[in-house]
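Structure assessment
Single-letter residue listing:
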Amino acid sequence: MQPFSLLIKPTGPDCNIACKYCFYTCKTSIFGSDKHRMSLNIAKKMITDFLSLDFQVSNFAWQGGEPTLMGLDFYKQIVQLQQQSSKTDAVINNALQTNGIALNDQWCSFLSEYKWLVGISLDGPKKYHDHYRLDKSGKGTFDKVLAAIENCKKHKVQFNILVLLNAKNVIAPDELFDFFTSMNIRFLQFIPCVEKDPQTSGIADYSVTPQQYGRFLCRIFDRWLEYGPEKISIRTFDSLMNYVLHGRQTNCTFGQKCGDYLVVEHNGDVFCCDFFVDNEHRLGSLLDTPLDKLFFSDTKRKFARQKSKLPNKCLICRHNAVCRGGCPKDRLSDVNYFCDAYRVIFDHCLPRLQQTAFKLANKAKNH
């Protein structure tokens, strides 16, 4: 059986801060405005069902909203349920994507003990991060996030930084690169923000333009090569390097089909993708249907095939095999919103990336 992962939203769209650019808070229109929390009964059903599939590796990714709102005791019970439901030789991975606000010593001790991978959202220096990432009282969250990162370091929690590129920080690639390397960050991912304004139906003012994104990643690539690719992992470049070496991308944005995972909401509803949590892409409920049946359902198969339906402009593009049309959520017209950015990035990066990839591969063989 083809393995798949779970991306779990235990608190639905609920969050303890109020980022201006969040794409998920609007999901209250689907789930209602009451507090959203996953019950232990639903969590147990999900875990026992998933682990019964006997995948070689079972991946649980906990996201939000803000998943730490469940409280630490919930995740301690999650670990117990996983241990009770798994075979002795089973490999279980847990990942937590968080704004970091709650990561005190107790949280970090737990995350370290059970080897959870943590993703922390940080948009760069304080002036950039605090522009959009505000708490419910309108105050910036930068200082709390930095304290969380220090706690992770102290407890040896494995973590990476997720940077949402927006209209403010996208103009400062050198400043961001210097900031993160000065913090000795080893794992980075840059996600470009593009959302529609619900009032005008145009592009929201906090989004990045394709030109900005292209310039940003090209400059970051130059800095990355100069700094040393072995010193810092940047997700987009890692994915491109894997393509150069092995012919396949590790980033689902550029994959041949959409990601091999299911989204599980707090109430047990299951969806194709967290960018498509809507009634059209609802697969059913794990309370009624086994997870493997949902993953291999006609709706999920149809969704996965949609990515390969490309316009002629993509089919004749020299970068089609690298790009695969990008993420379907960014296809705001006949082609991907970031099409021009991708062509600039690939033209700039791929020739030197090929040389770098083979050098690093040979270096690894010799050691």
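Just above, that's the structure.
In short, a report on the structure. (Residues numbered from 1 in each chain as written. Predicted model: local features only at pLDDT ≥ 70, side-chain atom pairs only at ≥ 80, totals over all residues. Heavy atoms only, no water.)

1. Describing the nonpolar core
Test applied: By nonpolar core we mean a set of buried residues, namely Ala, Val, Leu, Ile, Met, Phe, Trp, Tyr and Cys, connected to one another through side-chain atoms within 4.5 Å. Categorising residues by exposure relies on relative accessible area from a 1.4 Å probe, with only protein chains included: less than 20% of the type maximum marks a residue as buried, more than 50% marks it as exposed, and the intermediate range marks it as partly exposed. A run of DSSP states H or I qualifies as a helix once it reaches four residues; a run of E qualifies as a strand once it reaches two. Both are numbered from the N-terminal end.
Leu6, Met46, Trp62, Tyr75, Ile161 and Leu291 are the most contacted members of the largest nonpolar core, which totals 100 residues. Counting residues per element, this core draws most heavily on helix 14 (residues 339–366), at eight residues. Counting eight residues, the second largest nonpolar core, distinct from the first, contains Cys19, Tyr21, Leu164 and Cys193.

2. Focus on a positive patch on the surface
Filter applied, for reference: Residues qualify for a patch when their relative accessible area is over 30% and they have no salt bridge, like charges being joined within 9 Å and the nonpolar side chains of Val, Leu, Ile, Met, Phe, Trp and Tyr within 5 Å. What sets the accessible areas is the Shrake-Rupley method with a 1.4 Å probe; for residues, cover comes only from the shown protein chains. The rule for a salt bridge is simple: a side-chain nitrogen of Lys or Arg has to be within 4 Å of a carboxyl oxygen of Asp or Glu. Only four residue types enter the charge count: Lys and Arg as positive, Asp and Glu as negative, with His and the chain ends excluded. Where a charge sits is defined by one atom per residue type, namely NZ (Lys), CZ (Arg), CG (Asp) or CD (Glu).
A cluster of basic residues, Lys257, Arg301, Lys302, Arg305 and Lys309, forms a positive patch at the surface. Note that Arg301 resides in helix 11 (residues 298–306).

3. A short note on the sheet that holds strand 2 (residues 57–62)
Pairing between sheet strands relies on hydrogen bonds along the backbone, with the strands arranged either parallel or antiparallel. Rules: In this description, strands pair whenever DSSP reports at least two bridges between them.
With respect to topology, ten strands assemble into an open sheet ordered 7-6-5-4-3-2-1-8-9-10, the strand pairing being mixed. In the strand order of this sheet, the two ends are held by strand 7 (233–234) and strand 10 (282–285), each with one partner. Pairing of strand 8 (residues 261–265) with strand 9 (residues 269–271) involves two bridges; the strand directions are antiparallel. Bridge pairing in strand 9 links Val264 to Val270.

4. Focus: helix 2 (residues 40–51)
We count it as follows: Expected span of a helix, by definition, is 1.5 Å for each gap between consecutive residues, and there is one gap fewer than residues. The contact criterion used throughout is that any non-hydrogen atoms of two residues lie within 4.5 Å.
Over its twelve residues, helix 2 runs 16 Å from end to end, which matches the ideal 16 Å to within 8%, given 1.5 Å per residue. Buried residues of helix 2: Ile42, Ala43, Met46, Ile47, Asp49, Phe50 and Leu51, and no others. The inward-facing, buried residues of helix 2 abut strand 1 (5–9), strand 2, helix 3 (72–85), strand 3 (91–98), strand 8 and helix 10 (291–295).

5. What about the packing of helix 3 against helix 4 (residues 105–113)?
Applicable threshold: Every angle, taken between N-to-C directions, lies between 0 and 180 degrees, and every axis is a line fitted to C-alpha atoms, over only the stretch in contact when it is a helix. Roughly parallel covers angles under 35 degrees, roughly antiparallel covers those over 145, roughly perpendicular covers 65 to 115, and oblique covers all other angles. A crossing counts as left-handed when the near helix is turned anticlockwise from the far one by less than a right angle, and as right-handed when that turn is clockwise. Gly is put with the polar residues, along with every residue not named as nonpolar or charged; the nonpolar set is Ala, Val, Leu, Ile, Met, Phe, Trp, Tyr, Cys and Pro, and the charged set is Asp, Glu, Lys and Arg.
With their axes 11 Å apart at the nearest point, helix 3 and helix 4 run at an angle of 15 degrees to one another. Taken together, helix 3 and helix 4 sit at an angle that is classed as roughly parallel. Regarding helix 3 and helix 4, the two cross each other, and that crossing is left-handed. From helix 3, Leu72, Tyr75, Lys76 and Val79 reach across to helix 4, where they touch Gln106, Trp107 and Phe110. In terms of residue class, the contact of helix 3 with helix 4 is built from five nonpolar, one polar and one charged.

6. Thoughts on the pattern of salt bridges
Across all of its chains, the model carries 17 salt bridges by this definition. In this structure, the salt-bridge partner of Asp222 is Arg352, at a minimum N-O distance of 2.7 Å. Residue Asp222 is located in helix 8 (residues 210–227), and its partner Arg352 is located in helix 14; the two are separated by 130 residues in the primary sequence. Ionic contacts of the salt-bridge type, sharing partners, join the residues Asp174, Asp178, Arg219 and Arg223 into one network.

These results come straight from atomic positions and should not be treated as a statement about function.
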